[in-house]
Amino acid sequence: MPAKKKKTTATKNDIEKYLDKIVSGDCITAMKKLPDASVDLVFADPPYNLQLGQAELTRPDNSRVDGVDDEWDKFDSFKAYDDFTREWLSEARRVLKPHGAIWVIGSYHNIFRVGTAIQDTGFWILNDVIWRKTNPMPNFRGTRLTNAHETLIWAARDQKSKYTFNYRALKTANDDLQMRSDWELPICTGNERIKGDDGAKTHPTQKPESLLYRVLIGSTNPGDVVLDPFFGSGTTGAAAKYLGRHFIGIERDKAYIAAARKRIARVKPLEGDDLQTQPSPKAAPRVPFGQVIETKLIKPGAKLYSRNKNYSAKVRADGSLYVKDGETEIQGSIHKVGAAVQKAEACNGWTYWHYEEKTGLKPIDFLRDKIRKGMAG
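Starting afresh in each chain, residues are numbered from 1 along the sequence in its written order. Under the rules for a predicted model, residues below a pLDDT of 70 receive no local features and side-chain atom pairs below 80 are neither given nor counted, while totals for whole chains, interfaces and linings still include all residues. Note that the side-chain values use all heavy atoms of the structure and ignore hydrogens as well as water.

Visitor: Help me understand the confidence of the model for the chain, please; the structure alone is not making it clear to me.
Guide: Residues shown with low pLDDT carry predicted positions that ought not to be read at fine detail. Per-residue confidence from the predictor is reported as pLDDT, a score between 0 and 100. Per-residue pLDDT for the chain has a mean of 88; in total, 89% of the residues score no lower than 70. Residue range residues 1-9 is modelled with pLDDT below 50. Its contacts to residues more than four positions away, or to other chains, number seven contacts. Contacts: residue pairs with any heavy atoms within 4.5 Å of one another. Under a pLDDT of 50 for its full length, residues 57-68 has, in the predicted model, 24 contacts with residues more than four places off or in other chains.

Visitor: Hey, could you run me through unusual backbone geometry in this one?
Guide: A negative phi angle is the norm for most residues apart from glycine, just as the trans form is the norm for most peptide bonds. One non-glycine residue with positive phi stands out, namely Ala 37, at about 50 degrees. Relative to the helices and strands, Ala 37 is located in the loop between α2 (27-32) and β2 (39-44). Residue Lys 309 is not a glycine yet carries a positive backbone phi of 65 degrees. You can see Lys 309 is positioned in the loop between β9 (303-305) and β10 (312-315). Only DSSP runs of H or I with at least four residues qualify as helices, and only runs of E with at least two residues qualify as strands; both kinds are numbered from the N terminus onward.

Visitor: Can you help me understand the layout of surface pockets in this one?
Guide: A water-sized probe rolled over the atoms picks out the places where empty space is left. The space that makes up the second largest pocket amounts to roughly 820 Å³. Lining the second largest pocket are 22 residues, and of these Arg 168, Gln 278, Asp 365, Asp 369 and Arg 372 sit closest to its centre. At the level of elements, α5 (167-173) and α12 (365-375) are the ones that each hand at least two residues to the lining of the second largest pocket. Charged residues are taken to be Asp, Glu, Lys and Arg, nonpolar residues to be Ala, Val, Leu, Ile, Met, Phe, Trp, Tyr, Cys and Pro, and polar residues to be all remaining types, Gly included. Broken down by class, the residue content of the lining of the second largest pocket amounts to eight nonpolar, four polar and 10 charged. As defined here, a cavity is a set of points on a 1 Å grid over the protein atoms alone where a 1.4 Å probe fits but cannot get out. A pocket is an open set with protein on both sides within 12 Å along at least five of seven lines, and residues line them when an atom is within 4 Å of a point. Grid points are joined across faces, edges and corners, and a volume is the space filled by probe spheres set on the points.

Visitor: Looking at this model, I keep getting lost on the nonpolar core. Mind explaining?
Guide: Most often, soluble globular proteins have nonpolar side chains that are buried together. We call a set of buried residues a nonpolar core when its members are Ala, Val, Leu, Ile, Met, Phe, Trp, Tyr or Cys and they connect through side-chain atoms within 4.5 Å of each other. Partly exposed describes any residue whose relative accessible area lies between the buried limit of under 20% and the exposed limit of over 50%, with all areas from a 1.4 Å probe on protein chains only and scaled to the type maximum. Ranked by size, the top nonpolar core spans 34 residues in total, and within it Trp 103, Leu 152 and Leu 211 carry the most contacts. Per element, the largest residue contribution to this core is five residues, and it comes from helix α6 (residues 209-219). Dropping the residues within four chain positions of it, Leu 211 is found in contact with Ile 105, Trp 131, Leu 152, Trp 183 and Leu 185. Residues Ile 15, Leu 19, Ala 92 and Phe 123 belong to the second largest nonpolar core, which totals 33 residues.

Visitor: How do you make sense of the pairing of strand β8 (residues 246-251) when you look at a structure like this?
Guide: Residues in a regular strand point their side chains to alternate faces of the sheet. Counted residue by residue, β8 has five buried out of six residues, so it is predominantly covered. The sheet contact formed by strand β1 (residues 21-24) and β8 spans four bridges and is parallel. Counterpart to Val 23 in the pairing with β8 is Ile 250. Relative to β8, strand β7 (residues 225-228) is paired through four bridges, and the arrangement is parallel. Along β8, the bridge assignment pairs Asp 228 with Gly 249. Look down the strands so they point away from you; if going from the first strand over the helix to the second traces a clockwise path, that crossover is right-handed. Between the parallel elements β7 and β8, the chain passes through helix α7 (residues 235-242) in a crossover that is right-handed. Pairing between strands requires that DSSP locate at least two bridges from one strand to the other.

Take a look at the structure:
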């Protein structure tokens, strides 16, 4: 009778020895050593498999373009690349906690193949994000459109995962507008670009820290563990350390490892209150509208209005609203009445209904936030 396979379980001691360290070696081999369900997020910038048609790329003046021609980006065939992709994705999914998620970035050369593998492996895609480069490298030969963007795929471990999404933090960072799925950020240049003693770029596809900053603020919390199986020059580690997250980096190129360690050692992490972000509405304590009435922030008999004042409703002592529209009377919760006057199936009454102040109309959601702040002391 074959021996029963020992189940790997994540304990603090099992994963602690890897925290904030760079593991030298092949990503798949290294991930196999990590315990099941041990990391909160995976950020992966895998080889793009560029399949270059010429030995080198030159500008119109015949100067050489410092592109990607490293051995780690070369595969014998699309099948070989697909097999590699499915293998590392399977390991990434195994080490993710049940409510973990993954981000994968790629270009048109590989992202469609990677996207198929992500779904085939069992992940549940949440968004694809277009990173629009404000300063892209031009197409020097003038034979194609300038490649001005890369694509990120954000996916939960599975369909039922309660993944982290700091919606309000990203909305606040975007001047109180919902964060969209197209991000306009510059490529890595200037002092941020890691260079060797000869002045040449250490890594050909170094990502800007601003990109990782947004990913980590939006989909992790302080203290979370972020795994990067293609660590390169350490952008994920630098952003994670700065934002109070733990990282695990895997990299096989010794020059990249040396550069990453030196880079991360210079990072001074944020601490305490500096790390706090706007709380997610889901994490905030529940406040019924009746509590707004009980605390006299709005008094019975007051009127609430839709944003454009097309509709108004009177507040009653129990927190219900009352509307008389011709011969029709509508009464019920802020949500039910809001939906009824719009003839809609549903309505978020907290954002639909407004109260009047000297400065104008304000959503009643402001009053809910006021009560929540009081609960926090």
